[in-house]
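Observations on the model geometry
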Number of protein chains: 2
Amino acid sequence: MAKVAVLGYGTVGSGVVDVLDQNAAEVSGSAGEKIELKYILDLREFPGDRHESQVVHDIDIILNDPEVEVICETMGGLEPAFSFAKKALEKGKSVCTSNKELVAAHGPELVELAKKNGKSYLFEASVGGGIPLLRTINDSMKHEKIDSITGILNGTTNYILTKMDKEGMGFATVLKAAQDKGYAEKNPEADVEGYDACRKIAILASLMSGKHVNYEDIYTEGISRVSIEDFDYARCLGMSIKLLAMCKRSDSGFFTMVSPFLIPNENPLANVNGVFNAINIHSNMLGDVMFYGKGAGKNATASAVVADVIDIVKHKNQHIDVNMKAEKAILSPKDSAVRQFFVRVPSTLKEQANDIFGDTIEEVSGVNVHGEYAFITRDLSEKDFEEKLWKMDSVKGYLRIY
Amino acid sequence: MAKVAVLGYGTVGSGVVDVLDQNAAEVSGSAGEKIELKYILDLREFPGDRHESQVVHDIDIILNDPEVEVICETMGGLEPAFSFAKKALEKGKSVCTSNKELVAAHGPELVELAKKNGKSYLFEASVGGGIPLLRTINDSMKHEKIDSITGILNGTTNYILTKMDKEGMGFATVLKAAQDKGYAEKNPEADVEGYDACRKIAILASLMSGKHVNYEDIYTEGISRVSIEDFDYARCLGMSIKLLAMCKRSDSGFFTMVSPFLIPNENPLANVNGVFNAINIHSNMLGDVMFYGKGAGKNATASAVVADVIDIVKHKNQHIDVNMKAEKAILSPKDSAVRQFFVRVPSTLKEQANDIFGDTIEEVSGVNVHGEYAFITRDLSEKDFEEKLWKMDSVKGYLRIY
């Protein structure tokens, strides 16, 4: 019998309790022993809740109870989650979490602390919701040399881009509809500006590098400047527009970025629609493997937290090795990344564009946007591209090509 | 230091040796200790091979060497692989394999034998090539109630169907081209008749049921009767045609089948093209999760074998639980499975079709196939459908709809 405490009885926390209740037989079968909820920490009371009697308001009750072996931190945010996780590990309890902000900021440090105490710090639910991704990278693929991880890591923005594409509505209209349906937050900044995807790719990049990739060092662009016209051009090019988060290994370090990209429809990531997430991993022996599923949602995310609880119970009194350290990873600068770009300028500037971008540019025709000249550049470094863009009198929009 | 023997120095076996050589540091890092190849069993000599001195011809040298902890059986076929695996487990060695024929036929029995001896029998590489699938089902998803597993499990047939669709060529022409390119075997029966997919879904169904689903009990149809005209209709319906292998849990048991299906393009399985495999798993908390990758290929398959070796070394002297038993699973009869069907008959038989299939059928128009009447039935059991089909004077073709 292993006893568990859940910190935070919100969406994910109550989902964890539901999974432990509804799948009790499967959970015990998988762990090899019964797993029992002992405490729920929350500031609120939950009168009438079937677990009402287990709700406590003082973290020390949990930390000082030697029976509690595993703590599920489903509070979100940096504090007090960070302090609680640290104290729990120091008290010899293992911790698992869905808290991507905390893992992106302090995950490697908490993994080291767990190791020092012979306990575990796991965070399957922090990336890709219920998709069994991190355990796969950390277990089944750890003997592979991973070259790149590229993912659609935010369901809200993928839903918005899909709607814009399929229904020809503008960003603001779709965002409003998504907010009305509860698919987007009232304050949508974390999603639409790419901050959420940025934290998730920071976690994946840390796992890939074995060190710490700080999310603040990742170049991040959101989707608010993607227009309906961009989708017209994309269709004409046989491409889709997706917000990609990526990490690539290169000789000069790890290149990471979050940005909207044009992706050829042959790439399976181009066909990932709606609230779904997908993550492609390329490694030296396996080649490409892709994981696909709902990247959010109460039950799916909770199920991933419970998978961590089970892993911890199966490896009692043993540190489950997670491939990251507090040491900073060496990042390759954005400026030197090379790719093609799609650019739209006023048609009056066609000559200027040709002068600046050279005669190797490829005009994109077949789209009925009045007064525009659209083209695809040759391979350019990000720095070259930016310098050329600055020389243009006016630019209506541009997109990176994957 | 853990010592390994590879049985069979063919495609997969030599791939295993390559992975152990080329990713030696990553393999040791993942396992927590060095993994060293000690023997290769093969009837042939390999003069000049860098592992020439490790090649032996007598299995007993390996079985009687107490240093060998893990045996990779990459011979394929039932015998002598079955006898070798049994002897190895009885001698207290763990075994991992890519041999789907053997796992489908005797996997549950070998898992039980491994358990009895406190050792492990693992077979990640037997389904989906390098896609990390079985470990995920067995570890990360074991606390889920899995309702269904549906997959494109054979790359050769998916390549053929994709070519037929995109290039409008008939089955025989594409098969010939695939054989010339080495994508299909000279004797293509195992692939095109669905036998390979059948063995793989038998393994997945056994894992899902926790018992043994015998591949001989799975209704299996191949792709040889799929025609170019079927693809014309599919496009018109906004669907694709894929060879699906499926296992669904129902009140009356596990329903399993391998057959070509029409799948709506919104389903991500419809967009899996070429030699790729994809497996969708639906479970009660996680919902849908899909895994995608190359289902075959030397290095990818070998990498999956090595993942098993690492798992075994990490859990030394411990049986890694695999959810299957030699006891037969209860299967739900094919006859009672209910679905819609797409049917093509000579246009002269339109009235007969309407009489037999009822006035709820939906005509499929918009396809320029001369002299044909094509329609979609209402939901019918397989048995009802078959009985109606027998009453028709002539049928040009039919497909199940997913």
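Described below are features of the structure shown in this document.

All names here are of chain A. Helix H12 (residues 298–314) packs onto helix H2 (residues 24–31) with a crossing angle of 35° between their chain directions and a minimal axis gap of 9 Å. Considering only the axes of H2 and H12, their crossing is right-handed. Side by side, H2 and H12 meet where Val27, Ser30 and Ala31 of the first sit next to Val306, Ile310, Val313 and Lys314 of the second. For the contact of H2 with H12, the class distribution of residues is 5 nonpolar, 1 polar and 1 charged.

Considering the arrangement of structural elements, one finds Thr348 of chain B in the loop between strand S14 (341–346) and helix H13 (350–357). Judged by C-beta crowding, with 12 C-beta atoms within 10 Å, Thr348 of chain B ranks as exposed.

Our next topic: the relation of the copies chain A and chain B. Rotating chain A by 180° and translating it 0.0 Å along the rotation axis places it on chain B, where the RMSD comes to 0.0 Å. Such values leave the two copies arranged in the relation of a two-fold axis. Considering only C-alpha atoms, the part of chain A nearest the rotation axis is Phe291 of chain A, at 2.4 Å. Comparing contact sets, 100% of the residues at the interface of chain A also lie at the interface in chain B, consistent with an isologous, same-surface contact.

Core analysis: the biggest nonpolar cluster contains 260 residues, and Ile201 and Val309 of chain A together with Ile201 and Val309 of chain B have the highest contact counts within it. Sequence-distant contacts of Val309 of chain A, that is, excluding residues within four places in its chain, are made with Val4, Ile35, Val70, Cys72 and Cys96 of chain A.

Bringing unusual backbone geometry into the picture now. All names here are of chain A. Residue Pro80 is reached from Glu79 by a cis peptide bond, and omega for that bond is 5°. With respect to the element layout, Pro80 can be found in the loop between strand S4 (68–73) and helix H4 (81–90). With phi around 55°, Asn317 is a residue other than glycine that occupies positive phi space. Looking at where Asn317 falls in the secondary structure, it is placed in the loop between H12 and strand S13 (338–339).

Listed as interface residues are 37 residues of chain A and, on the opposing side, 37 residues of chain B. If you list the elements that add at least two residues to the side of chain A that touches chain B, you get H2, helix H6 (134–140), strand S12 (287–294) and H12 of chain A. The leading source of residues in the side of chain A that touches chain B is S12 of chain A, at 8 residues. Among the residues making up the side of chain A that touches chain B, the classes are represented as 17 nonpolar, 12 polar and 8 charged. Sheet topology note: the S12 of chain A/strand S12 (residues 287–294) of chain B ladder contains 5 bridges and is antiparallel. From the neighbouring strand, Met290 of chain A faces S12 of chain B, where its bridge partner is Tyr292 of chain B.

What follows concerns the pairing of strand S9 (residues 239–250) of chain B. Residues and elements named next belong to chain B. Taken across its 12 residues, S9 has 9 buried, putting it largely inside the fold. Summarising the sheet, strand S7 (residues 146–152) and S9 pair through 4 bridges and their orientation is antiparallel. Looking at S9, one finds that Thr150 is bridged to Met246. Bridge count for S9 against strand S10 (residues 253–264) is 12 bridges, and the pairing is antiparallel. Bridge pairing in S10 links Cys247 to Thr256. A loop of 2 residues connects S9 with S10, the two strands running antiparallel in sequence.

Basis of the calculations
- Residues numbered from 1 in each chain as written.
- Chains lettered and ligands numbered in written order.
- Predicted model: local features only at pLDDT ≥ 70, side-chain atom pairs only at ≥ 80, totals over all residues.
- Axes fitted to C-alpha atoms, helices over the stretch in contact; angles between N-to-C directions.
- Helix = DSSP H or I, 4+ residues; strand = E, 2+ residues; numbered from the N terminus.
- Left-handed = near helix turned anticlockwise from the far one by under 90°.
- Contact = placed C-beta atoms within 7 Å.
- Nonpolar A, V, L, I, M, F, W, Y, C, P; charged D, E, K, R; others polar.
- Buried ≥ 20, exposed ≤ 12 C-beta atoms within 10 Å, placed from the backbone.
- Least-squares fit on C-alpha atoms with pLDDT ≥ 70 in both.
- Core = buried A, V, L, I, M, F, W, Y, C linked by C-beta atoms within 7 Å.
- Pairing = 2+ DSSP bridges.

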